[in-house]
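Chain by chain, the residues:
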Amino acid sequence: MGEGWLSPLADPGTGQPRGAELPVLLGRVAKGDRAAFEELCQHIAGPVFGTVRAVVRDLAQSEEVAQEVLVEVWQQAPRFDPGRGSPMAWVTTIAHRRAVDRVRSEQRSAERELRAAAHPVAYDDVAETAEANLDAERLRRCLRSLTRLQREAIMLAYYGGYTYRQVAVVLGVAAGTVNTRMRDGLIRLRDCMGAGDED
Amino acid sequence: MKTRRPEPHTLAGVYALDALTRADRARFERHLARCPQCAAEISGLRETTARLAAAATTAPPAGLIQRAVAAAAQTRQLSPLTRDTPRPWPRHRAAAGTAAGMPGRSSLRRAWPPRVAVALAGAVVILAAALGLAARSTQHQLQQTQAASHAIAAVLTARDATMISAPVTTGGTATIVMSAHDRALVFAAAGLRALPPSSCYELWLMRPGRDQPAAMLPTPRHGMTGPVLASGLKPGDHLGLTIEPVGGSPHPTTPAILQIAL
């Protein structure tokens, strides 16, 4: 398995959230500090690779995309604005966007819709390859607090990489309905999961 | 408890989940630029999608971090943004090289449709990754590639370097960095369709009357092709890419699958 790779969440020794180190590291990366970049990678490579893998599925391609994401983090670091969110949110946004761009450019939407119909995306599919971690447990619990439509819409979009129109086709509802369910579902998830570093 | 708010911006959740097509995304981002309230909501939702990402955490394959670090070492970082308005990369690049951009040096640049501009950010990474791969190959073939690497580096660091990215009609994205001053460009591509062993990709400088063979593309590695250097550009040239029989052709024998006005 990976080298020097760390869990993104709490350090079992200190109980301190590792996330607290990320702004400092990213600040050093923004100044071109390569050692800091390597250390940052050890924190973010797991979530980045896991997210990309969930969406892209193919192992070789996932690895390729994950590497592109890490290099993009290096490149964009001087433009990271802490006022607009946490480093992890910034990094995973880059990762997820690259992953969906990769799959959407490769597959015709009709094919993807068929595939989705045949294999509904469930969190368990993702959990199969994911490491057991605190976020995974909490997510599993919180997903149960969503309505089925909210849950499926979010799963299909985030881990499946589908557009909301594709999600609407798969779930057999209007696109406008999907919009509101995704937003309401995310808000409910946010309330259930807490802010992360503070609990 | 959640209170249901009025929803003037129903796309916030969809956007945070990247569930918009590129075109819809670009449209929504134009709205975002004028809507601080939306931007704040998106920031909040992104923290939640980050938890979805964290929940998918998977041990990365061996060597991923090392390769990323090696590729980063070959990659120039972007300059910090001084204004909130997102702008295409080449202008930032120019602004980083000199104090105040370079008016008058952009005669070869044309206005790119938004779709292509959107591809620019990704293009930077494609090129970086291709260069990272090239850097590794030089360890094996140092002597042959050293001269080419120098020429490539010269174009990439030219003060008038301009980056252009465009889709290849048969699949994949091509990225070039061009220096009009050096009359040269560096070409790289990601995700080009694999060809049968009897065919190869050939790069051309297309000009009225005579298309000039510019380079044969090497076999892709990890989905990345290039970088290759093409020199001897003339104003008005188009860069073209065609599929040719192995060994290349003196003139294009198939329709171009990529054309970029230089």
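Conventions and cut-offs
Along each chain, numbering runs from 1 in the same order as the chain's sequence is written. To label them, take the chains in the order written and letter them from A, then take the ligands in the order written and number them from 1. Side-chain atom pairs in this predicted model are given and counted only at pLDDT of 80 or more, local residue features only at pLDDT of at least 70, and totals for whole chains, interfaces and linings cover all residues. Comment: elements are numbered from the N terminus, with helices defined as DSSP H or I runs of at least four residues and strands as E runs of at least two. Put simply, a residue is buried when 20 or more other C-beta atoms lie within 10 Å of its own C-beta and exposed when 12 or fewer do; between those, it is partly exposed, and each C-beta is set from the backbone. The pairing criterion for strands is at least two bridges between them, as found by DSSP. By the convention adopted here, residues are in contact when the distance between their C-beta atoms, placed from the backbone, does not exceed 7 Å. Note that Gly is not counted as nonpolar here; it falls among the polar residues with everything else outside the nonpolar set of Ala, Val, Leu, Ile, Met, Phe, Trp, Tyr, Cys and Pro and the charged set of Asp, Glu, Lys and Arg. Lines fitted to the C-alpha atoms define the axes, with helices restricted to the stretch that makes contact. Angles between their N-to-C directions range from 0 to 180 degrees. Predictor confidence is given residue by residue as pLDDT, running from a minimum of 0 to a maximum of 100. In this usage, the nonpolar core is the set of buried Ala, Val, Leu, Ile, Met, Phe, Trp, Tyr and Cys residues whose C-beta atoms join them within 7 Å. To estimate the expected span of a helix, count its residues, drop one, and scale the result by 1.5 Å.

(A) Local environment of the overall build of chain A. When you go through chain A residue by residue, the secondary structure sums to ten helices and zero strands. Counting only residues that meet the buried cut, chain A has 51% of its 199 residues in that class.

(B) Seen up close, the pairing of strand β2 (residues 173-179) of chain B. Residue and element names in this part refer to chain B. Most of β2 sits inside the fold, with seven of its seven residues counted as buried. The alternating pattern of β2 places Thr173, Thr175, Val177 and Ser179 on one face and Ala174, Ile176 and Met178 on the opposite face, and all of these are buried. Both strand β1 (residues 162-167) and β2 contribute to a ladder of six bridges, which runs antiparallel. Counterpart to Thr162 in the pairing with β2 is Met178. Between β1 and β2, which pair antiparallel one after the other, the connecting turn spans five residues, and Gly171 there sits at a positive phi close to 120°. Across seven bridges, the pairing between β2 and strand β3 (residues 184-190) is antiparallel. Counted as the bridge partner of Ile176 is Phe187 from β3. Joining the antiparallel neighbours β2 and β3 is a turn of four residues, in which Arg183 adopts a positive phi near 50°.

(C) Expanded view of the interface of chain A and chain B. With 75 residues of chain A in contact, the opposing surface of chain B contributes 53 residues. Where the side of chain A that touches chain B is concerned, the elements lending two or more residues are α2 (34-56), α3 (59-76), α4 (87-106), α6 (123-129), α7 (134-143), α8 (148-158), α9 (164-171) and α10 (175-193) of chain A. With 13 residues, α2 of chain A is the single largest residue contributor to the side of chain A that touches chain B. Residues belonging to the side of chain A that touches chain B are distributed by class as follows: 37 nonpolar, 21 polar and 17 charged.

(D) Spatial organisation of the sheet that holds strand β5 (residues 210-216) of chain B. All names here are of chain B. Spatial ordering of the open sheet is given by β5-β4-β7-β8, a layout of four strands whose pairing is antiparallel. The open sheet has two edge strands with one neighbour each: β5 and β8 (258-261). The average angle at which neighbouring strand axes cross in this sheet is 30°, direction not considered. By the bridge criterion, eight bridges tie strand β4 (residues 199-207) to strand β7 (residues 238-245) in an arrangement that is antiparallel. Of the residues in β7, the one forming a bridge with Glu202 is Thr242.

(E) Up close: the sheet that holds β2 of chain B. Residue and element names in this part refer to chain B. The sheet built from four strands is open, its strands ordered β1-β2-β3-β6 with antiparallel pairing. Across the chains shown, the open sheet's two edge strands, defined by having one partner strand only, are β1 and β6 (224-231). When strand polarity is set aside, the average angle formed by the axes of neighbouring strands in this sheet is 20°.

(F) Examining the confidence of the model for chain B more closely. Residue and element names in this part refer to chain B. The share of residues in chain B with pLDDT of 70 or more is 70%, and the mean pLDDT across the chain is 74. Per-element confidence in chain B ranges from a low mean pLDDT of 34 for helix α5 (residues 89-97) to a high of 95 for helix α4 (residues 64-73). Here residues 84-121 is modelled with pLDDT under 50, and outside its nearest four sequence neighbours on either side it reaches 36 contacts, counting other chains as well. In this model, residues 135-142 is a region of pLDDT below 50 whose contacts with residues beyond four sequence positions or in other chains number seven contacts. Here the predicted complex carries an ipTM of 0.86, next to a pTM of 0.57.

(G) Inspection of the nonpolar core at higher detail. Counting 80 residues, the largest nonpolar core has Val48, Val52, Leu70, Ala157, Val167 and Met182 of chain A as its most contacted members. Among the elements that line this core, the one with the most residues is α2 of chain A, at eleven residues. Sequence-distant contacts of Val52 of chain A, defined by excluding residues within four places in its chain, comprise Ser62, Val65, Ala66, Val69, Ala95 and Ala99 of chain A. Judged by nonpolar contacts, the second largest core, of 33 residues, contains Leu185, Trp204, Leu205 and Leu241 of chain B.

(H) Spatial organisation of the environment of Arg183 of chain B. Residue and element names in this part refer to chain B. As for its placement among the helices and strands, Arg183 is situated in the loop between β2 and β3. By the C-beta count within 10 Å, which is 16 here, Arg183 ends up partly exposed. Each C-alpha atom of the pair Arg183 and Val155 lies 8.9 Å from the other, and the pair is 28 residues apart in sequence. What Arg183 contacts, discounting residues up to four positions off in sequence, is Ser231, Gly232 and Leu233.

(I) Representation of α10 of chain A in the model. In a regular helix each residue adds 1.5 Å, so 19 residues correspond to 27 Å; α10 of chain A covers 26 Å between its end C-alpha atoms and thus fits that length. Considered for burial, the residues of α10 of chain A that qualify are Val178, Asn179, Arg181, Met182, Arg183, Asp184, Gly185, Leu186, Ile187, Arg188, Leu189 and Met193 of chain A. Next to the buried residues of α10 of chain A lie α7, α8 and α9 of chain A together with α1 (12-16) and α3 (36-55) of chain B. Directly beyond the C-terminal end of α10 of chain A, a positive phi value near 75° is found at Gly194 of chain A.

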